[in-house]
Amino acid sequence: MTDLETFRAETRAWLEANCPAEVRGPMDSEEDRVWGGRNPTFKTPAHKLWMERMGAKGWTAPEWPAEYGGGGLSREEAKVLHSELRRIDAQLALSSFGIWMLGPALLQFGTEEQKKRFLPEIVRGEIRWCQGYSEPGAGSDLAGIQTRAVDEGDHWIVNGQKVWTSYADKADWIFCLVRTDPDAPKHLGISFVLFDMTTPGVTTKPITLISGKSPFCETFFDDVRVEKANLVGTLNRGWDVAKALLAHERTMIGAMGSIASGRPMGLVAADSLGVDSDARLEDPMLRARIAELEVDLAAFNLAMERVGDQVKARQVSPAIASMLKYYGSELNKRRHEILMTAGGSDTLEWESERSGHGSAARDWLRTKANSIEGGTSEIQLNIIAKHLLQLPGA
Amino acid sequence: MPLILTEEQTMLKEAADGFLSENAPVAHLRALRDSHDADGVSRDLWKAFGEMGFAGVIIPEEHGGSGLGAVEAGVMAEALGRTLTPSPFMGSGVLCASLLAEGGSTEQQGEWLPKIAAGEAILALALDEGPKHRPSAMTARAERSGNGFKLNGAKGFVLDGHIADALIVAAKTDDVTLSLFLVDPKTAGVEIERTVMVDAHNAARVTLTDVQVDADAMVGAIDQGEPLLQKALNLGRACAAAQLNGAGDQAFQITLEYLRTRKQFGKLIGEFQALQHRAAHLFSEIELSRAATLGALQRIDAGVDEKGLSASIAKSKAGRVAELAVQEAVQMHGGVGMTDEFDVGLYMKRVRVLNELFGDAGFHADRLARAQGY
Ligand SMILES: Cc1cc2nc3c(=O)[nH]c(=O)nc-3n(C[C@H](O)[C@H](O)[C@H](O)COP(=O)(O)OP(=O)(O)OC[C@H]3O[C@@H](n4cnc5c(N)ncnc54)[C@H](O)[C@@H]3O)c2cc1C
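Calculation rules
- Residues numbered from 1 in each chain as written.
- Chains lettered and ligands numbered in written order.
- Predicted model: local features only at pLDDT ≥ 70, side-chain atom pairs only at ≥ 80, totals over all residues.
- Heavy atoms only, no water.
- UniProt positions renumbered as here; feature names shortened; annotations may be inferred.
- Helix = DSSP H or I, 4+ residues; strand = E, 2+ residues; numbered from the N terminus.
- Rg over C-alpha atoms; globule rule 2.2 N^0.38 Å.
- Buried < 20%, exposed > 50% of the residue type's maximum accessible area, 1.4 Å probe, protein only.
- Contact = heavy atoms within 4.5 Å.
- Areas by Shrake-Rupley, 256 points an atom, 1.4 Å probe, with all protein chains shown as cover.
- Lys, Arg positive; Asp, Glu negative; His and termini not counted.
- Charge placed at Lys NZ, Arg CZ, Asp CG, Glu CD.
- Phe/Tyr/Trp six-rings, centres within 6.5 Å; stacked < 30°, edge-to-face > 60°.
- Lys NZ or Arg CZ within 6 Å of the ring centre and 35° of its normal.
- Near = heavy atom within 4 Å.
- Polar contact = N/O pair within 3.5 Å; in protein donor to acceptor, adjacent residues only side chain to side chain.
- Domains from an automatic or database assignment.
- Buried area = accessible area lost by both parts, 1.4 Å probe.
- Salt bridge = Lys/Arg side-chain N within 4 Å of Asp/Glu carboxyl O.
- Nonpolar A, V, L, I, M, F, W, Y, C, P; charged D, E, K, R; others polar.
- Core = buried A, V, L, I, M, F, W, Y, C linked by side-chain atoms within 4.5 Å.
- Pairing = 2+ DSSP bridges.

The name recorded for chain B in an unreviewed UniProt entry is Acyl-CoA dehydrogenase family protein, from Brevundimonas goettingensis. If you open the UniProt record of chain B and go to Sequence similarities (unreviewed entry), you find "Belongs to the acyl-CoA dehydrogenase family." Its UniProt record gives chain B a comment under Cofactor (unreviewed entry), which states: "FAD".

The name that an unreviewed UniProt entry assigns to chain A is Acyl-CoA dehydrogenase family protein, with the source organism given as Brevundimonas goettingensis. Taken verbatim from the UniProt record of chain A, the Cofactor (unreviewed entry) comment is "FAD". For chain A, the Sequence similarities (unreviewed entry) comment in UniProt is given as "Belongs to the acyl-CoA dehydrogenase family."

If you want it as structure tokens, here you go:
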């Protein structure tokens, strides 16, 4: 057996022994995700166990170095792990902005102390992070942020407002863009800082979305004291960190396009619409839409994998994350439009127990933000045109 | 297996691109077309292809080939797509080579594989019958007769059929199963009509009327043609996807160049966001198509695409994407895109043909749907 085959066999055996039955199969709704943190909530005790077991092995962040609590796996091993997880239809052990966004940025820009302090907690799901980027006047034009950090010697005093801060009310810490030099050109006066959400002066206020859900907040900073040790990267060069982190965020949001859980969509549709005498989905137009979507989904999954391999082999610009973000988020919207069409009136129920309190409709509405959050589709297309296609004036 | 080309495969790609852009660029296609060349393909070029080791890329070394795999065949196909070079590669080097290498008798292999690999022989697969690729609807028949078989039927879209040194004909040997026959085109009862296609590439209609062949003309065992054919078609479909990627991407590259240089309203047209966004969308589609195609080719090499679904995904995706690429190419070039003198129209025509080859995007999406049970 090759090393990789041995690894697969061992992984399979470990998962068989350690992945509880309750966390296998599709999630009922987005609400069931495990986010960890200081005050975690779990759908079942098995979900807690699953997070802890995977966290202890470092497999919530399989490719991070083992010295920071990660799995220390090679890319090929990580692929094997993912395929084995898919094989048993295991749910994600831990959803985490720390893993998807902050961690990779810390690995690249953080000091040794910062890595040692923050990364292992992230891997084990002990601290939950939120992202303080957008402001009322700075969305697509993110470098226009106004939140000020004034130098007070060994610390800064931060004042300002963020908006759209996902899960700010549940997060323990925030990674935040602040303006440290108001006189510099807008990209050059920004710093990237970390602070505890329980610091005096931090308050949040929920924003309800069209999906009726409210994990989003306005976040206010009123004379918030931030230690200088919590600066990531160079002072006034936080834009570099912000951009690198955005690339990871975009890949993560794009990856939602690749999630095809459980039962093939055509069969889901056949369950509700029935089949014709050839045992094909009754609605031929819908059948064609689903089949085309499945082709795109399969191609997108391979594109995700290929981009990962290209990045590893240094064959591609980091701006390629914009392609994944753009395509994946539009694909995910298409998928949910089709799920709603296939489900018909059953998916229109908003409050019944039977419909999981409208989970299909709420998930559908939530996906509309995929092409807005983390930079809109238009912004991704601008980046592709400028950085990957070198089009003029872009 | 990482989804990128290995160093050796990258070298092969560079060699193929270099060879073709030097010896058979788009001007080569134009010359063949405008001179109404009797063959529509250059036999010298096919020989040179053999000498470079390109023609027999999938043929085992013991038969004079390069003994490489599907990914390498895809690399060649993509290069041919980029330069629009008419070549017996698909018919001979991919389809017939695969059929013979997998199912040919020792004599058949000994006779034909080295010649294909050397670029000395041109073979053609006679499979499709109606205007759409639908192997399951085949009506050509082979009935036992004398010490062999009598073939009857009509085939179309036979790549290089008009200049083939040998035909491989698919025919039903009973109501469900099919068999494959190696037929000398000079046999009595074989009629071949060249059909020059819209893209100035070559295909033929082949009519078989009581064509008598010996039993040893059979490729593979009787009634066992289906698996051989599926295997060859899988490879052919993935290679056609690669060829579509080559043609689509080249049309895109030409378009990008135009966006960077053409001025209107005192600006480069590439500065208009409406065009930038369409170009960026197309780029994303091309990336997916490439990933799907390389994925399929690698799976074929790894022997894990038995049902051919990865190849179907690749062919379906590549077909739609290349179509978008050529449509955008003509549109973004404005009036000049409609002129024969400009190349993008040639790409549009070629993509149309490649789309029909071995099943269009809908055919393959439908295959995927059926395989999943809906
Ligand atoms: C559900 C959700 C969760 C979010 N989570 C977070 C979070 O956790 N943390 C955080 O910091 N932010 C978060 N965001 C904010 C998100 O990043 C911004 O909403 C986004 O960047 C767009 O900014 P905006 O809403 O101000 O829209 P605007 O920038 O005002 O854009 C309005 C429209 O104009 C278009 N547009 C703008 N500029 C251009 C241009 N140059 N070319 C073409 N079109 C253009 C946009 O594409 C859009 O269609 C979240 C947003 C949502 C909806």
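Student: I'd like to hear about the overall build of chain A, residue by residue, with values.
Tutor: Counting secondary structure elements, chain A contains eleven helices and eight strands. Over its C-alpha atoms chain A spans a radius of gyration of 22 Å, differing by no more than 12% from the 21 Å that the globule rule assigns to 394 residues. The principal-axis extents of the C-alpha atoms in chain A amount to approximately 75 × 50 × 45 Å. The buried share of chain A, taken over its 394 residues, is 54%. Expressed as a percentage of contacts within chain A between residues at least 6 apart in sequence, the contacts between residues at least 24 apart total 72%. For chain A, the accessible surface area stands at approximately 17,500 Å², while carbon and sulfur atoms represent 53% of it. The average position of the 46 basic charges and that of the 55 acidic charges among the side chains of chain A differ by 2 Å.

Student: Which residues make up the UniProt feature "domain: Acyl-CoA oxidase/dehydrogenase middle" (unreviewed entry) in chain B, and what values do they have?
Tutor: The sites that carry the UniProt feature "domain: Acyl-CoA oxidase/dehydrogenase middle" (unreviewed entry) are, in the present numbering, residues 138-210 of chain B. The straight-line gap between the two end C-alpha atoms of residues 138-210 of chain B is 17 Å; of that span, 0% is helix and 63% is strand.

Student: Residues and numbers for the environment of Trp164(A), please.
Tutor: Residues and elements named next belong to chain A. Secondary-structure assignment places Trp164 in strand 3 (residues 155-166). Residue classification places Trp164 among the partly exposed residues on the basis of a relative accessible area of 47%. When the C-alpha positions of Trp164 and Gly356 are compared, they lie 26 Å apart, and in sequence the two are 192 residues distant. Apart from the residues lying within four places of it in its own chain, the contact partners of Trp164 are Ile207, Leu209, Phe216 and Cys217.

Student: Outline the packing of aromatic side chains, listing residues and values.
Tutor: Following the criterion strictly, the structure yields 24 aromatic pairs over all chains and no others. Ring geometry for Phe118(A) versus Trp129(A): centroids 5.6 Å apart, planes at 75°, classification edge-to-face. Separated by eleven residues along the polypeptide, Phe118(A) in helix 5 (residues 112-123) and Trp129(A) in strand 1 (residues 129-132) bring together distant segments of the chain. Ring geometry for Phe175(A) and Phe192(A): centres 6.2 Å apart, planes at 10°, overall stacked. Placement of Phe175(A) in strand 4 (residues 173-179) and of Phe192(A) in strand 5 (residues 190-196) is noted, with a sequence separation of 17 residues between them. Ring pairs connect the aromatic residues Phe118(A), Trp129(A), Tyr133(A), Trp173(A), Phe175(A) and Phe192(A), which therefore count as one cluster. When the ring centre of Trp350(A) is taken as reference, the NZ or CZ atom of Arg362(A) above it lies at 3.9 Å. The ring of Trp112(B) has Lys115(B) sitting right over it, with the charged end atom 5.0 Å from the ring centre.

Student: So what's going on with the site of the ligand? Which residues, and what values?
Tutor: Around the ligand sit 20 residues in total, of which Ser134(A), Ser140(A), Trp164(A), Ser166(A) and Thr376(A) are the nearest. This site is not confined to one chain, since residues near the ligand come from chains A and B. With respect to the ligand, the backbone of Gln131(A) contributes an N or O atom lying 2.9 Å from a nitrogen atom. Within the backbone of Trp164(A), a nitrogen or oxygen atom sits 2.9 Å from a nitrogen atom of the ligand.

Student: Could you give an account of the domain arrangement of chain A, naming the residues involved and the relevant values?
Tutor: Residues and elements named next belong to chain A. Taken domain by domain, chain A holds domain 1 (3-124), domain 2 (129-236) and domain 3 (240-388). With centres defined by C-alpha atoms, the gap from domain 1 to domain 2 works out at 27 Å. Contact residues are listed per partner, giving 16 residues for domain 1 and 18 residues for domain 2. Here domain 1 packs against domain 2, burying approximately 1,400 Å² in sum over the two surfaces, 64% of which is carbon and sulfur. Considering only the surface of domain 1 that becomes buried against domain 2, Arg38, Phe97 and Leu102 emerge as the three largest contributors, covering 39% of it. Linking domain 1 to domain 2 there are two salt bridges. Taken together, the links from domain 1 to domain 2 amount to four residue pairs in polar contact (both at pLDDT 80 or more). Listing elements by their share of the side of domain 1 that touches domain 2, those giving two or more residues are helix 4 (97-109) and helix 5. Broken down by element, the residue count for the side of domain 1 that touches domain 2 peaks at six residues, all from helix 4. For the side of domain 1 that touches domain 2, the class distribution of residues is eight nonpolar, four polar and four charged.

Student: Describe the UniProt feature "domain: Acyl-CoA oxidase/dehydrogenase middle" (unreviewed entry) in chain A, naming the residues involved and giving the relevant values.
Tutor: The feature "domain: Acyl-CoA oxidase/dehydrogenase middle" (unreviewed entry), as annotated in UniProt, sits at residues 130-224 of chain A in this numbering. Counted over residues 130-224 of chain A, helix gives 0% and strand 51%. Its end C-alpha atoms are 16 Å apart.

Student: Tell me about the side chain of Thr11(A), and please be specific about residues and values.
Tutor: Its location among the elements puts Thr11(A) in helix 1 (residues 3-18). Discounting residues that sit within four places of it in the chain, Thr11(A) has contacts with Trp59(A), Leu81(A) and Glu84(A).

Student: How would you summarise the nonpolar core if you had to cite specific residues and measurements?
Tutor: In a soluble, globular protein the nonpolar side chains are often hidden away together inside. Residue and element names in this part refer to chain B. Counting 160 residues, the largest nonpolar core has Phe49, Phe89, Leu123, Leu167, Leu180, Phe181 and Val183 as the members making the most contacts within it. At 17 residues, helix 7 (residues 225-261) tops the list of elements feeding residues into this core. Once you skip the residues sitting within four places of it in the chain, Leu123 turns out to touch Gly91, Ser92, Cys96, Leu100, Trp112, Ile116, Ala164, Ala166 and Leu182.

Student: Talk me through the interface of chain B and chain A; I want residue IDs and the actual numbers.
Tutor: Opposite the 40 residues of chain B that make contact, chain A presents 42 residues. Buried area between chain B and chain A, both sides added, is near 3,600 Å², and the carbon and sulfur share of it is 64%. Among the residues of chain B in contact with chain A, Leu3(B), Leu288(B) and Tyr374(B) are the three that bury the most area, contributing 21% of the side total. Our count for the contact surface shared by chain B and chain A stands at six salt bridges. Across the pair Glu292(A) and Arg320(B) runs a salt bridge whose closest N-O atoms are separated by 3.7 Å. Between chain B and chain A we count 18 residue pairs in polar contact (both at pLDDT 80 or more) in total. For the side of chain B that touches chain A, the secondary-structure elements that each account for two or more residues are helix 7, helix 8 (273-302), helix 9 (309-332) and helix 11 (361-371) of chain B. When its residues are assigned to classes, the side of chain B that touches chain A shows 20 nonpolar, ten polar and ten charged.

Student: Go over the pairing of strand 5 (residues 178-183) of chain B with me, naming the residues and quoting the values.
Tutor: Where a strand is regular, its side chains alternate between the two sheet faces. Residues and elements named next belong to chain B. Counting buried positions over the six residues of strand 5 gives six, a clear majority of the element. Of the two faces of strand 5, both are covered, the one formed by Leu178, Leu180 and Leu182 as well as the one formed by Ser179, Phe181 and Val183. Two elements, strand 4 (residues 166-172) and strand 5, share six bridges in a ladder whose sense is antiparallel. Counted as the bridge partner of Lys172 is Leu178 from strand 5. Counting the residues between successive antiparallel strands, the hairpin from strand 4 to strand 5 contains five residues.

Student: Residue-level account of the pattern of salt bridges, with values.
Tutor: The final tally for this structure, using the stated rule, is 57 salt bridges over all chains. In this structure, Glu16(A) and Arg24(A) form a salt bridge, with 3.5 Å as the shortest nitrogen-oxygen distance. Among the ionic pairs, Lys231(B) bridges to Glu102(B), the shortest N-O distance being 3.5 Å. Of the two residues, Lys231(B) is situated in helix 7 and Glu102(B) in helix 5 (residues 89-103); the sequence distance between them amounts to 129 residues.

Student: An account of the domain arrangement of chain B is needed here, citing residue identities and associated values.
Tutor: All names here are of chain B. When cut into domains, chain B gives domain 1 (7-121), domain 2 (125-223) and domain 3 (226-371). Spacing between the C-alpha centres of domain 2 and domain 3 amounts to 30 Å. Taken residue by residue, the interface counts 16 residues in domain 2 and 14 residues in domain 3. Here domain 2 meets domain 3 over a buried area of about 1,400 Å², counting both sides, of which 73% is carbon and sulfur. Taken together, the connections running from domain 2 to domain 3 amount to three salt bridges. Arg350 serves as the salt-bridge partner of Asp199, at 2.7 Å between the closest nitrogen and oxygen. Taken together, domain 2 and domain 3 are joined by five residue pairs in polar contact (both at pLDDT 80 or more). Considered class by class, the residues forming the side of domain 2 that touches domain 3 number eleven nonpolar, three polar and two charged.

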